[in-house]
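So you can see what is in the structure, the chains are spelled out below.
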Amino acid sequence: MLYPFTFKPILKKVIWGGSEICPFKGITPVENGVGESWELSHVEGNYSIVANGELEGKSLDELIHTYGKELVGEKVMARFGSTFPLLIKFIDARDNLSIQVHPNDELAKKRHNSFGKTEMWYVIKAEKGAGLYSGFSKQINAEEYVKCVENDTIMDVLQRYDVHEGDVFFLPAGRVHAIGAGCFIAEIQQTSNITYRIYDYNRKDANGNGRELHTELAKDAIDYTLYPDYRTHYEAKKDTAVELADCKYFATNLLDLDTSLVRDFSSLDSFVVYICMEGKATIRDNKGNEIAVHQGQTVLIPADTKEVTLTPAPNAKFMETYIGQ
């Protein structure tokens, strides 16, 4: 019988990593320079490993191949086969990350035999003055984009946002973006590791070499549509599901709880992921399984679960994600 799963985090040490992830997740001893914690991953070479219950030690890959639609849902399997379609991460940027873009499904399939990458960010914490980039600040075309990269003015045409806790950005494939220094975020994305680097602030490595840029690849992947606002606006409410994103790759709700909430998934036909952003809670399913979770943990609820009850102790904040459309 399947039950709510937690997984061992896959910590990534990187040159731009900070010191927020370990304390946030309650990991000791604290490691510095951890830029990412891959919470739930089916990226080859980075499969998540179950951390609880009788299936402890099994990989997400093994779970999918053994339990299939019981784990992920019939419609999800029909669409994505034996690939778990989402990658869940925490990201802690001590320095600015490079300006980048991800291809859509069609382009990623053609070039890399991969899924594309649509993603979203939820800002958990931000230092004073921290910001990020999403989209363009003025209308440009593909040729102008190449010129901007060549003459070092690409930053002049990008839209920058100062960010604060609770800010949300939805990033469809094709949107130019970057996380700025001082941002600590949760990221939900398609399972894909395809990134085209557009600009890296002319930084050099120890040998004096700049990082490779993918100007031409990115040129065809970028969506040049100009939008008046790239931020997601939502109204925070207590003890109810507040929609943050709803696209064909994932639906995400914010649950800010100080009392128990029952979530009915009997007609969903998808797994559900809970990312605990704050506080502590218990999650109990209709099969009688109960799991205690705390800030920084990610829980996978199998698709054959009909209902869960979330009980905060005394309060908790979750992002809830599933394949909706």
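Quick look at the structure, then.

1. Concerning the pattern of salt bridges
All chains considered together, the criterion is met by 17 salt bridges. A salt bridge links Glu-39 to Lys-25; the nearest nitrogen and oxygen atoms lie 3.0 Å apart. One end of the pair, Glu-39, is in strand E3 (residues 34-40); the other, Lys-25, is in helix H1 (residues 21-25), and 14 residues separate them in sequence. Summarising the burial analysis for this pair, Glu-39 and Lys-25 share the class buried. Across the pair Asp-162 and Arg-160 runs a salt bridge whose closest N-O atoms are separated by 2.6 Å. In this structure Asp-162 comes out as partly exposed when scored by relative accessible area, which is 42%.

2. Quick look at the packing of aromatic side chains
A full pass over the atoms with the stated rule returns 14 aromatic pairs. Here the aromatic cluster, defined as three or more aromatic residues joined through ring pairs, consists of Tyr-3, Phe-5 and Phe-7. Positioned over the ring face of Trp-38 is Lys-12, at 4.4 Å from the centre of the ring.

3. Side note on the nonpolar core
Soluble globular proteins: nonpolar side chains tend toward being buried together. Core analysis: the biggest nonpolar cluster contains 42 residues, and Phe-5, Leu-71, Phe-84, Phe-271, Leu-300 and Met-319 have the highest contact counts within it. The contacts of Leu-300, once residues within four sequence positions are left out, are Tyr-3, Pro-4, Phe-5, Phe-7, Leu-40, Leu-60, Leu-71, Phe-84, Phe-271, Val-272 and Val-273. Formed by 40 residues, the second largest nonpolar core is a distinct cluster that contains Ala-93, Tyr-196, Ile-198 and Ala-221.

4. A look at helix H6 (residues 142-150)
Within the span of H6, buried status applies to Ala-142, Tyr-145, Val-146, Cys-148 and Val-149. The buried residues of H6 occupy an angular sector of 160° when the element is viewed end-on, so they sit on one face. Residues of H6 that are exposed and point over 90 degrees away from its buried face: Lys-147 and Glu-150. On the buried face of H6, the contacting elements are strand E14 (196-199) and helix H7 (215-221). With a side-chain oxygen positioned 3.1 Å from the backbone nitrogen of Glu-143, the residue opening H6 is Asn-141. Directly after H6, the chain includes Asp-152, whose backbone phi takes a positive value near 70°.

5. Some remarks on unusual backbone geometry
Following Thr-28, the chain continues into Pro-29 via a peptide bond in cis, with omega recorded as -10°. With an omega of -10°, the peptide bond running from Ala-313 to Pro-314 counts as cis. Counting through the fold element by element, Pro-314 comes out in strand E22 (residues 307-322). Look at Asn-113: it is not a glycine, yet its phi comes out positive at around 50°. As for its position among the elements, Asn-113 is in the loop between helix H5 (105-112) and strand E8 (119-126). Taking the relative accessible area as the measure of exposure, Asn-113 reaches 59% and is therefore exposed. One non-glycine residue, Asp-152, lies in the positive phi region at around 70°. Mapped onto the elements, Asp-152 comes out in the loop between H6 and strand E10 (158-162). Accessibility expressed as a relative area gives 40% for Asp-152, which makes it partly exposed.

Reading guide: rules and limits
- Residues numbered from 1 in each chain as written.
- Predicted model: local features only at pLDDT ≥ 70, side-chain atom pairs only at ≥ 80, totals over all residues.
- Heavy atoms only, no water.
- Salt bridge = Lys/Arg side-chain N within 4 Å of Asp/Glu carboxyl O.
- Helix = DSSP H or I, 4+ residues; strand = E, 2+ residues; numbered from the N terminus.
- Buried < 20%, exposed > 50% of the residue type's maximum accessible area, 1.4 Å probe, protein only.
- Phe/Tyr/Trp six-rings, centres within 6.5 Å; stacked < 30°, edge-to-face > 60°.
- Lys NZ or Arg CZ within 6 Å of the ring centre and 35° of its normal.
- Core = buried A, V, L, I, M, F, W, Y, C linked by side-chain atoms within 4.5 Å.
- Contact = heavy atoms within 4.5 Å.
- Arc of directions from axis to C-beta.
- Polar contact = N/O pair within 3.5 Å; in protein donor to acceptor, adjacent residues only side chain to side chain.

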